[in-house]
Amino acid sequence: MAKNASFEALTVETLPARLGALAALTDQLGDDVSAWRVREVGDGNLNLVFIVEGPAGSVVVKQALPYVRLVGESWPLPLKRSFFEYHALVRQEARAGVGTVPAVLHFDEAQALIVMEYLTPHIILRKELIAGRELPRIGVDLGLFAARTLFRGSDLHMAARDRKADLALFADNVELCDITENLVFTDPYFEAKLNHYTPALEPLVAELRADRDLKVEAQRLKHLFAANAETLLHGDLHTGSVMVTDTNTRVIDPEFAFYGPMAFDVGMLLANFWMSYFSQSGHEQDGSRETMRAYLLETVTSIWAVFRTEFSRLWRSERTGMLYARSLFEDRGDTLGAEQALDRVLHDIWQDLLGFAGVECHRRILGLAHNADFETIGDEAQRAVCEAKALRFGRHVAVNRRAIHSIEEVNAFAALIEKGAYA
Ligand code: SR1
Ligand code: MG
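Quick summary incoming for the structure in this document.

1. Some thoughts on the site of ligand 1
Lining the immediate environment of ligand 1, one finds Asn45, Leu46, Val68, Ile179, Leu183, Asp236, His238, Phe256, Arg363, Arg364 and Ala369. Between an oxygen atom of ligand 1 and a side-chain N or O atom of Arg363, the distance comes to 2.7 Å. Within the side chain of Arg364, one N or O atom sits 3.0 Å away from an oxygen atom of ligand 1. Coverage of ligand 1 by the protein amounts to 94% of the 320 Å² it exposes when considered alone. Broken down by class, the residue content of the shell around ligand 1 amounts to six nonpolar, two polar and three charged.

Here you go:
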């Protein structure tokens, strides 16, 4: 049978008839399919997303398309990404806890669709940050999510056989890794075809592309990303992949999941808060965002502090995998040795996350896939000012990552740039 032979993209019109017999939907929505209301709400780069509401409740139906939605059919992309998303959601829920990701109600591999819990009244975190809203829980929730998924998906915790089986399963997510490998680590640093950026950035773009130290560092980070398969990553953990209310945080969209370096998820996540920080001055029409800026830096500090604390707790209580075996340390009375090793592991994550954060800032401004934090700044000159700050920040943390010792140091540097240093 030809590839994707039975696949058919859903539409608002066809969804009720095609999925109306599934218990996963009727249990939630009610049996009267004629009463279902369907809206297509996908605003991401890749997929279709439908909200289906019935008399008894609501669900989300997410379906992959055989191409990149952002670009069109000229860029084919395999449907199997929904298989990886499904398996990642199952693992993340087991590792980070029920209620940290949307509950999966049904998966259909041939139709590349996942039926999942409709999160309401949740809003995409990025939209909330653009609106200037401070979410009280995200520092803690995201720090815990990252520490638990990254630690428990690695050889620090899993049985070697189970981890290797998982590694083999996710190794086939080649095309989505390829997107990251090109879009994040390479394309921003040369004239790649699909790149675009605010024209006023041209002199700075030329400067960055001529920056040998930056290019070498970006390639070292790509090398690390491709070669260090240490844990199951979310793979695209930015503020558009988080849905929030004041009291609940959910991480969504792990279709880029694969085995890679722990620091990638943490670095990408923090980068998106730093970019939000630099974008705030473009959103001050209704008043100063000074307290929002302070909140964003506090959130960065909190995510990293919670991550370290939880990772350390898991190191001491759940280090059951083959790495840093207790038989070499605690069981011989050498608790200090285990703590020394923990410091080394956290230190490596710290230095690498700064690098990943730096290149993430660059690709969201210079590459194909931009973020709404900057894109929604209508005044182009003002947008360029905000973006230039993030570009300079990204360059600094990527190139100097081994000489930066604390999150406070990074935030102080961000505040200096925001005030106009390095203009
Ligand atoms: C062609 S896909 C572009 C970007 O969208 C996704 O959300 C990932 O961030 C990817 O890099
Ligand atoms: Mg996504």
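2. Examining the packing of helix α5 (residues 138–152) against helix α10 (residues 262–279)
Two elements in contact, α5 and α10, have axes whose closest approach is 9 Å; the angle formed by their N-to-C orientations is 160 degrees. Taken together, α5 and α10 sit at an angle that is classed as roughly antiparallel. α10 is crossed by α5, and the crossing has right-handed handedness. Facing Ile138, Leu142, Ala146 and Leu150 of α5, the residues of α10 in contact are Met262, Asp265, Val266, Leu269 and Phe273. In terms of residue class, the contact of α5 with α10 is made up of eight nonpolar, no polar and one charged.

3. Quick notes on the packing of aromatic side chains
Evaluation of the coordinates by the stated rule reveals 18 aromatic pairs. Consider the rings of Phe170 and Tyr259, whose centres lie 6.4 Å apart with planes at 55 degrees: the pair is tilted. Of the two residues, Phe170 sits in helix α6 (residues 160–170) while Tyr259 sits in strand β12 (residues 258–260), which places them 89 residues apart along the sequence. Given a relative accessible area of 1%, Phe170 falls into the buried group. Note on Tyr259: relative accessible area 4%, which makes it buried. In textbook terms, an aromatic cluster arises when at least three aromatic residues are bridged by ring pairs, as seen for Phe151, Trp304, Phe307, Phe311 and Trp350.

4. Section: the nonpolar core
Residues Phe273, Trp274, Phe307, Phe311 and Phe393 are the most contacted members of the largest nonpolar core, which totals 102 residues. By size, the runner-up hydrophobic cluster in this structure holds 15 residues, among which are Leu19, Leu25, Trp36 and Phe50.

5. As for the pattern of salt bridges
Applying the stated criterion to the full structure yields 37 salt bridges. Here Glu255 makes a salt bridge to Lys62, at a shortest N to O gap of 3.9 Å. In this pair, Glu255 sits in the loop between β11 (249–251) and β12 while Lys62 sits in strand β3 (residues 58–64), placing the two residues 193 residues apart along the sequence. An identical accessibility class is assigned to Glu255 and Lys62; each is buried. Among the ionic pairs, Glu330 bridges to Arg319, the shortest N-O distance being 2.8 Å. Of this pair, Glu330 sits in the loop between α11 (290–317) and α12 (335–366) while Arg319 is found in the loop between α11 and α12, placing the two residues 11 residues apart along the sequence. Among the residues examined, Glu330 registers a relative accessible area of 19% and is labelled buried. Among the residues examined, Arg319 registers a relative accessible area of 2% and is labelled buried. Via salt bridges that share partners, Lys62, Arg81, Glu85, Asp253 and Glu255 belong to a single interconnected network.

6. With respect to the sheet that holds strand β10 (residues 242–244)
Spatial ordering of the open sheet is given by β8-β10-β11, a layout of three strands whose pairing is antiparallel. Of all strands in the sheet, those bounded by a partner on one side alone are β8 (123–124) and β11. Across three bridges, the pairing between β10 and β11 is antiparallel. Looking at β11, one finds that Met243 is bridged to Arg250. Each of β10 and β11 is contacted by α5, which is oriented at about 35 degrees to β11, the strand it contacts most.

7. Side note on the sheet that holds β3
Read across the open sheet, the five strands follow the order β1-β2-β3-β7-β6; overall the sheet is antiparallel. Each having just a single partner strand, β1 (37–40) and β6 (104–108) make up the two edges of the open sheet. Averaged over all pairs of adjacent strands, the angle between strand axes in this sheet comes to 20 degrees, irrespective of strand direction. In the packing of helix α3 (residues 81–96) onto the sheet, contacts are made with β2 (47–53), β3, β6 and β7 (113–117), and the angle to β7 comes to roughly 30 degrees.

8. Section: empty space enclosed by the protein
One pass over the full model with this rule turns up two cavities of 30 Å³ or more. Of the voids in this model, the largest cavity is the one considered here, and its volume is about 40 Å³. Forming the boundary of the largest cavity are Arg91, Gln92, Arg95, Thr149, Leu232, Leu233, His234 and Asp265. Sorting the residues of the lining of the largest cavity by element identifies α3 and β9 (231–233) as the ones contributing at least two each. The element best represented in the lining of the largest cavity is α3, accounting for three residues. Here the lining of the largest cavity is composed, by residue class, of two nonpolar, three polar and three charged. The calculated volume of the second largest cavity comes to roughly 40 Å³. If you go around the second largest cavity, the residues you meet are Asn47, Lys62, Gln63, Ala64, Arg81, Ser82, Glu85, Ala112, Ile114 and Glu255. In the lining of the second largest cavity, the residues fall into three nonpolar, three polar and four charged.

9. So, the layout of surface pockets
By volume, the largest pocket is sized at about 1,200 Å³. Forming the boundary of the largest pocket are 48 residues, of which Asp43, Gly44, Ile124, Gly240 and Asp253 lie nearest the centre. Elements that contribute at least two residues to the lining of the largest pocket include exactly β2, β3, β7, β8, α4 (125–130), α7 (174–185) and α12. Counted by class, the lining of the largest pocket contains 25 nonpolar, 13 polar and 10 charged residues. For the second largest pocket, the calculated volume is near 290 Å³. Together, 16 residues line the second largest pocket, and Asn228, Glu230, Tyr324, Val345 and Asp348 are the ones closest to its centre. Looking at which element gives the most residues to the lining of the second largest pocket, the answer is α12, with five residues. Its residues placed into classes, the lining of the second largest pocket shows eight nonpolar, two polar and six charged.

Thresholds applied
- Residues numbered from 1 in each chain as written.
- Chains lettered and ligands numbered in written order.
- Predicted model: local features only at pLDDT ≥ 70, side-chain atom pairs only at ≥ 80, totals over all residues.
- Heavy atoms only, no water.
- Near = heavy atom within 4 Å.
- Polar contact = N/O pair within 3.5 Å; in protein donor to acceptor, adjacent residues only side chain to side chain.
- Areas by Shrake-Rupley, 256 points an atom, 1.4 Å probe, with all protein chains shown as cover.
- Nonpolar A, V, L, I, M, F, W, Y, C, P; charged D, E, K, R; others polar.
- Axes fitted to C-alpha atoms, helices over the stretch in contact; angles between N-to-C directions.
- Helix = DSSP H or I, 4+ residues; strand = E, 2+ residues; numbered from the N terminus.
- Parallel < 35°, antiparallel > 145°, perpendicular 65-115°, else oblique.
- Left-handed = near helix turned anticlockwise from the far one by under 90°.
- Contact = heavy atoms within 4.5 Å.
- Phe/Tyr/Trp six-rings, centres within 6.5 Å; stacked < 30°, edge-to-face > 60°.
- Buried < 20%, exposed > 50% of the residue type's maximum accessible area, 1.4 Å probe, protein only.
- Core = buried A, V, L, I, M, F, W, Y, C linked by side-chain atoms within 4.5 Å.
- Salt bridge = Lys/Arg side-chain N within 4 Å of Asp/Glu carboxyl O.
- Pairing = 2+ DSSP bridges.
- 1 Å grid on protein atoms, 1.4 Å probe; cavity = no way out; pocket = protein on both sides within 12 Å on 5 of 7 lines; lining within 4 Å.
- Points joined across faces, edges and corners; volume = space filled by probe spheres on them.

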